[in-house]
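Results of the structural survey
The residues making up each chain are set out below.
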Amino acid sequence: MAATQPAAQPSAAVPWPAQQWSPGTGARPALPSSALPGPVAERLRRLAEEAGPEPLCAYVHDPAAAGRRAALLRARLPDWAEVFYAVKANSFPAVLEALAPGTDGFDVSSEGEAAAARAASARALIATGPGKTDAMLTALARTGVDFVSAESTLELHRIAAAADRAGRRIPVVLRVNAATGPLQGALRMDGHATQFGIGEDALPEAAAVARALPGLDLVGYHFHVVSNNLDADAHAAHVQARLRWAVRAAREHGFALRVLDAGGGLGVAPRGGAPFDLGRFAARLRAAPPPPGVRVVLEPGRWLVADSGYYAAQVTDVKEVAGSRFAVLAGGINHFMLPALLEVALDAAVVDVDRWPYACPRPVLTDTTVALAGPLCTPEDILARGIRVGRLRAGDLVVFPLAGAYGWEFALRGFLGRRPPVHTVVRATPQRVSARSGTGPVAAAGTGPSPVEDSSR
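Cut-offs applied
Residues numbered from 1 in each chain as written. Predicted model: local features only at pLDDT ≥ 70, side-chain atom pairs only at ≥ 80, totals over all residues. Heavy atoms only, no water. UniProt positions renumbered as here; feature names shortened; annotations may be inferred. Helix = DSSP H or I, 4+ residues; strand = E, 2+ residues; numbered from the N terminus. Contact = heavy atoms within 4.5 Å. Axes fitted to C-alpha atoms, helices over the stretch in contact; angles between N-to-C directions. Parallel < 35°, antiparallel > 145°, perpendicular 65-115°, else oblique. Left-handed = near helix turned anticlockwise from the far one by under 90°. Nonpolar A, V, L, I, M, F, W, Y, C, P; charged D, E, K, R; others polar. Buried < 20%, exposed > 50% of the residue type's maximum accessible area, 1.4 Å probe, protein only. Arc of directions from axis to C-beta. Polar contact = N/O pair within 3.5 Å; in protein donor to acceptor, adjacent residues only side chain to side chain. Phe/Tyr/Trp six-rings, centres within 6.5 Å; stacked < 30°, edge-to-face > 60°. Lys NZ or Arg CZ within 6 Å of the ring centre and 35° of its normal.

An unreviewed UniProt entry lists the chain under the name Alanine racemase, from Streptomyces aureoversilis. For the chain, the Cofactor (unreviewed entry) comment in UniProt is given as "pyridoxal 5'-phosphate".

1. Some details on the environment of lysine 319
With respect to the helices and strands, the residue lysine 319 is situated in strand E14 (residues 309-321). When neighbours within four sequence positions are excluded, lysine 319 is seen to be in contact with Ser324, Arg325, Phe326 and Val328.

2. Thoughts on the packing of helix H8 (residues 232-253) against helix H9 (residues 278-286)
Contact pair H8 / H9: the axes reach a minimum separation of 8 Å and the direction vectors enclose 30 degrees. On the basis of their axis angle, the class for H8 and H9 is roughly parallel. Here H8 runs over H9; the crossing is right-handed. Along the contact surface, H8 presents Ala232, Asp233, His235, Ala236, Ala237, Val239 and Gln240, while H9 presents Arg280, Phe281, Arg284 and Leu285. The residue inventory of the contact of H8 with H9, partitioned by class, reads six nonpolar, two polar and three charged.

3. Things to note about helix H4 (residues 111-119)
An α-helical segment advances 3.6 residues per turn. Residues three or four places apart therefore align on the same side. Of the residues making up H4, those classed as buried are Glu113, Ala114, Ala116 and Ala117. One side of H4 holds all its buried residues, which, seen down the axis, span an arc of 165 degrees. Where H4 is buried, its residues meet helix H3 (93-99), strand E4 (105-108), strand E5 (125-127) and helix H5 (134-143). At the N-terminal boundary of H4, the capping side chain belongs to serine 110, with an oxygen 3.4 Å from the backbone nitrogen of glycine 112. Two residues or fewer past H4, serine 121 is found with a positive phi of approximately 65 degrees.

4. Describing the side chain of threonine 128
With respect to the helices and strands, the residue threonine 128 is situated in the loop between E5 and H5. With a relative accessible area of 3%, threonine 128 lands in the buried category. There is a polar contact of 2.7 Å between the side chain of threonine 128 and the side chain of aspartate 107. Setting aside residues up to four positions removed in sequence, threonine 128 forms contacts with Lys88, Asp107, Val108, Ser109, Ser149, His222, Asp261 and Glu299.

5. Topic: the packing of aromatic side chains
The tally for this structure, following the rule as stated, stands at eleven aromatic pairs. A centroid spacing of 5.3 Å and a plane angle of 90 degrees characterise the contact between phenylalanine 223 and tryptophan 245, whose relative ring orientation is edge-to-face. A residue pair is termed long-range when its members are at least 10 positions apart, and phenylalanine 223 in the loop between strand E10 (216-222) and strand E11 (226-227) and tryptophan 245 in helix H8 qualify at 22 residues. Each of the two residues, phenylalanine 223 as well as tryptophan 245, counts as buried. The ring of tryptophan 303 carries arginine 69 above its face, with NZ or CZ at 3.7 Å from the centroid.

6. Let's talk about the environment of glycine 167
For glycine 167, the location among the structural elements is in the loop between helix H6 (153-166) and strand E7 (170-177). Linking glycine 167 and arginine 142, residues 25 residues apart in sequence, is a C-alpha distance of 8.2 Å.

7. Some points on the packing of H4 against H5
If you want to describe how two helices pack, look at the angle between their axes and the distance between the axes. Interhelical geometry of H4 versus H5 gives an angle of 30 degrees and a closest axis separation of 9 Å. Comparing the axis directions of H4 and H5 gives the class roughly parallel. Together, Glu111, Ala114 and Arg118 of H4 and Ala135, Met136, Ala139, Leu140 and Thr143 of H5 make up the contact between the two elements. The residue inventory of the contact of H4 with H5, partitioned by class, reads five nonpolar, one polar and two charged.

Pasting the structure below:
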């Protein structure tokens with residue numbers, strides 16, 4: 001195709017776990033419990049004090065925070081931009097229920113996510129992602145789907161078969177794996193060889209198949225190219241460039257363009273980082289509206305829910321090994337995988353817990369730098385390194401803010417068969433932690449064992 005975008009610069013490889021490589025941060029102080037919203041710290045302290053023989057691991061959800069983010073995004077974006085929440089970021093039912101009224105619908109990638117979205121009264125569903133099952137496609141065809149993103153010509157045939165079984169016509173968009181693109185972020189899905197989408201050279205054939213198959217209605221293109229991008233100007237340029245590309249490509253591929261799904265990737269900055277400038281992004285979009293009759297869809301996930309969750313794990317041991325100090329937590333990448341994959345480490349807060357159930361002296365680390373390790377039988381189970389603590393005792397709680405996105409959904413749940421974390425809901429007043437990701441004062445499905453939910457308010 002003649003319509004290509006400026007070449008993106010290759011991103012540097014990030015060693016795994018990335019917490020061992022945290023450029024420009026060095027040792028950083030642990031947050032005090034006062035840095036957490038009061039209801040979050042109070043709930044966790046109470047749960048820890050009331051815990052039985054098992055140490056506490058918990059996710060604290062603040063669904064109202066996610067609802068405020070959706071309302072803010074909807075208010076800032078131009079009316080023609082549609083917001084479909086990416087359920088993969090956080091599928092906890094109360095969070096989905098809070099997001100449903102402020103979004104145009106939900107983006108789902110499995111039958112389980114679709115069921116959770118319907119239970120939360122999502123206004124509409126779109127289906128994206130590779131490896132869609134026949135069961136998922138059939139269920140979506142029968143219950144209704146706004147459009148399905150096709151990843152290959154084979155998937156087009158399978159979508160058509162599901163449409164035939166349901167006796168319906170299904171709108172489809174072609175997911176494009178473009179050779180070039182303007183965006184950088186934590187992860188990149190196109191601009192180089194990945195398993196996602198259809199290469200530009202194969203698009204004419206895929207479009208012809210989509211037009212020919214009964215039961216399919218080819219309506220547009222889908223680009224999901226990056227995760228956690230923080231450059232608002234670049235993200236607006238991405239949407240505008242893909243829109244121009246789609247207008248030309250649809251003409252060449254012989255159909256009327258009705259949908260451009262520009263994907264997600266709106267970033268959340270770590271503490272001290274510059275947040276994604278939503279106002280600038282929205283202003284840039286307003287300056288270049290789509291042609292009449294063309295829908296532009298965005299699929300934010302992380303940006304909507306990161307501030308709405310906290311992961312907490314009780315310290316089961318503190319020790320010094322070969323001159324390095326470690327705090328071993330009751331939960332690690334089996335509950336909260338994301339920190340081990342981030343290029344910049346997350347913050348961690350310490351919440352004191354007075355309860356000490358053992359007759360022996362209570363181990364403590366004071367005025368030192370510590371690595372926060374999980375309980376799994378692998379040295380890769382490190383949630384953070386270089387955390388400077390004033391005091392950290394066995395039995396205290398370590399709490400990670402910004403854990404509302406890609407937390408429990410993204411975890412290595414099966415390893416060692418440990419208990420899942422408790423999930424509890426609070427309504428917290430927006431404060432300092434939210435401001436780190438750019439909100440300021442405005443601010444559950446999947447596989448594996450079901451989480452224990454504490455429904456206290």
